[in-house]
Amino acid sequence: MKTQVVIIGAGPSGLLLGQLLYKNGIDAIVIERQSSEYVLARIRAGVLEQVMVELLEEAGIAQRLHQEGLVHDGFDIVFNQDRLHIDLKELTGGKTVTVYGQTEVTKDLMQARSKAGLTTVYGAQDVELVDIDSHNPKVRYTLDGKTHEVVAELIAGCDGFHGVCRASIPKSSIQEFERVYPFGWLGVLADVPPVQHDLIYGNHPDGFYLCSLRSERRSRYYLQTTTNDSVENWSDERFWDTLEQRLPIDLRVSLTKGPSIEKSIAPLRSFVAEPLRYGNLFLAGDAAHIVPPTGAKGLNLAASDIRYLSRAFIEYFKDKSSAGIDFYSQKALSRIWKGERFSWWMSMLLHQFPENSSFDKKIQETEFNYLKSSEAAQRVLAENYVGLSYD
Ligand code: APR
Ligand code: PHB
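These remarks concern the structure in this document. (Residues numbered from 1 in each chain as written. Chains lettered and ligands numbered in written order. Predicted model: local features only at pLDDT ≥ 70, side-chain atom pairs only at ≥ 80, totals over all residues. Heavy atoms only, no water.)

1. Side note on the overall build of the chain
Then, number 1: Along the backbone of the chain there are 11 helices and 20 strands.
Then, number 2: Radius of gyration (C-alpha) of the chain: 21 Å, near the 21 Å computed for a compact globule of 391 residues.
Then, number 3: Each principal axis of the C-alpha distribution contributes one length, and for the chain these read about 60 × 40 × 40 Å.
Then, number 4: Within the chain, the proportion of its 391 residues that are buried is 55%.
Then, number 5: For the chain, the share of sequence-separated contacts (at least 6 apart) that also reach a separation of at least 24 residues comes to 72%. (Helix = DSSP H or I, 4+ residues; strand = E, 2+ residues; numbered from the N terminus. Rg over C-alpha atoms; globule rule 2.2 N^0.38 Å. Buried < 20%, exposed > 50% of the residue type's maximum accessible area, 1.4 Å probe, protein only. Contact = heavy atoms within 4.5 Å.)

2. A word on the nonpolar core
Then, number 1: Among the nonpolar cores identified, the biggest contains 75 residues, and Ile31 and Phe313 are the most heavily contacted of them.
Then, number 2: Among the elements that make up this core, the one with the highest residue count is helix H8 (residues 298–318) (10 residues).
Then, number 3: Sequence-distant contacts of Phe313, that is, excluding residues within four places in its chain, are made with Val5, Leu17, Leu21, Ile26, Leu154, Ile155, Ala156, Phe282 and Ile325.
Then, number 4: The next biggest cluster of nonpolar side chains, apart from the first, holds 35 residues, and it includes Leu199, Tyr222, Trp345 and Ala377. (Core = buried A, V, L, I, M, F, W, Y, C linked by side-chain atoms within 4.5 Å.)

3. Here we look at the pairing of strand E15 (residues 207–215)
Then, number 1: Within E15, nine of the nine residues are buried, which leaves the element mostly enclosed by the surrounding structure.
Then, number 2: The sheet contact formed by strand E14 (residues 200–204) and E15 spans five bridges and is antiparallel. Note on E15: the bridge partner recorded for His204 is Gly207.
Then, number 3: Two successive antiparallel strands, E14 and E15, enclose a turn made up of two residues.
Then, number 4: Here E15 runs beside strand E16 (residues 218–225); their pairing, made up of six bridges, is antiparallel. For Leu210, the partnering residue across the bridge sits in E16 and is Tyr222.
Then, number 5: With antiparallel pairing between neighbouring strands as the criterion, E15 and E16 make up a hairpin whose turn holds two residues. (Pairing = 2+ DSSP bridges.)

4. With respect to the site of ligand 2
Then, number 1: Near ligand 2 lie 14 residues; those nearest to it are Tyr201, Ser212, Arg214, Tyr222 and Pro293.
Then, number 2: Between ligand 2 and the protein, one listed contact pairs an oxygen atom with a side-chain N or O atom of Ser212 at 2.6 Å.
Then, number 3: Pro293 is positioned with one of its backbone polar atoms (N or O) 2.8 Å from an oxygen atom of ligand 2.
Then, number 4: Considering ligand 2 on its own, with 280 Å² of exposed area, one finds that the protein chains cover 100% of that surface.
Then, number 5: Every element with two or more residues in the shell around ligand 2 is listed here: E15 and E16.
Then, number 6: Among the elements that make up the shell around ligand 2, the one with the highest residue count is E15 (three residues).
Then, number 7: Residues that form the shell around ligand 2 fall into these classes: nine nonpolar, three polar and two charged. (Near = heavy atom within 4 Å. Polar contact = N/O pair within 3.5 Å; in protein donor to acceptor, adjacent residues only side chain to side chain. Areas by Shrake-Rupley, 256 points an atom, 1.4 Å probe, with all protein chains shown as cover. Nonpolar A, V, L, I, M, F, W, Y, C, P; charged D, E, K, R; others polar.)

5. Notes on the site of ligand 1
Then, number 1: Around ligand 1, 24 residues are found, and the nearest of them are Ser13, Glu32, Arg42, Gln102 and Asp286.
Then, number 2: Note that an oxygen atom of ligand 1 is positioned 2.9 Å from one of the side-chain N or O atoms of Arg44.
Then, number 3: One of the side-chain nitrogen or oxygen atoms of Gln102 is found 2.5 Å away from an oxygen atom of ligand 1.
Then, number 4: When ligand 1 sits alone it has 710 Å² of accessible area, and the protein chains cover 90% of it.
Then, number 5: Among the elements that line the shell around ligand 1, the one with the most residues is H8, at three residues.
Then, number 6: In the shell around ligand 1, the residues fall into nine nonpolar, nine polar and six charged.

What follows is the structure, encoded as structure tokens:
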């Protein structure tokens, strides 16, 4: 089989790239290890930057997002019992974010892909990249016991943190930067009305908590846990009681408890690989970088990578110019590092760090007090939260 682009991974990065290439008449096939049902069962974050919403409009898949997504023009930060409202709209000259689950974005992209009759190979095993530093890179995989080979001009590595693409680059040609945080997030999804419309990011002496939502009837909550914790230790009752205790006293009456429909624990990590290109392989999304979820930048950074990469690929095929693909890594990394900095900063502000000295605790408290007293500081937070411009 022959195509212009092989995309490895059918998460939001791979599917969005496929859709943008399709819109520009470029052939691509997507190769995914899991089944489509498995991909759609994953629950991830759900806050979209304004620029990402615009990109999804450009991709032609924002119809349901506009019907069902919830526009948010602010959120709360609570430090102990002290509450600070961040008015995103006011602080950014009118910008907002949209609450719409990553799973829904993935579903919309999948539907657009199947409606257009485009090929996605689900359940591909033993995916292997061959001759990636040549002009004819190939991807081999096994499906139903048979080996297949696809020859392409360019390969997009959109296969997440544990994928095969980054791992196929020789160690001497890639540098990795990493910080692992000494805690995880326990996430719970439940069909109960959210404690309030605006998100709450809270730092409580017992640990971080986040009150988010998927709709006015479905809540998404998180609690800081230890890294070695497991969901078996968290009955629904224990979860709700712990969350209730961390909430500001006046909000506790508004908390509706109910059976969980999903419960998972995720570790927190900051990670960047550089550069994002090796030969004709290009990394994007979680394959290239990870952020801690504080600030919801993971999906949004994946989208900006794909915007840069799709434009570079289009330039390569339509204008026969390599300028875009040569500049992709540098351009994407500049925005990625700003997202890394912001997610790190929000994580440092909002969590209880087991090893923190009394000095570190005072600095954290002062960071919050400064934010509270300075509109300039709030503007910096808001500008990053709604999403930095792509250019
Ligand atoms: N071969 C083919 N597909 C693979 C392989 C492989 N060897 N390894 C992994 N995959 C698939 C995974 O099954 C997954 O569906 O690649 C896909 C990668 O998707 P994501 O992990 O969702 O990564 P990405 O599309 O970059 O999206 C980034 O996901 O983790 C969140 O916070 C992150 O919101 C961000 C978003
Ligand atoms: C979520 O709704 O899942 C969510 C929201 C904001 C974050 C992280 C996750 O910062």
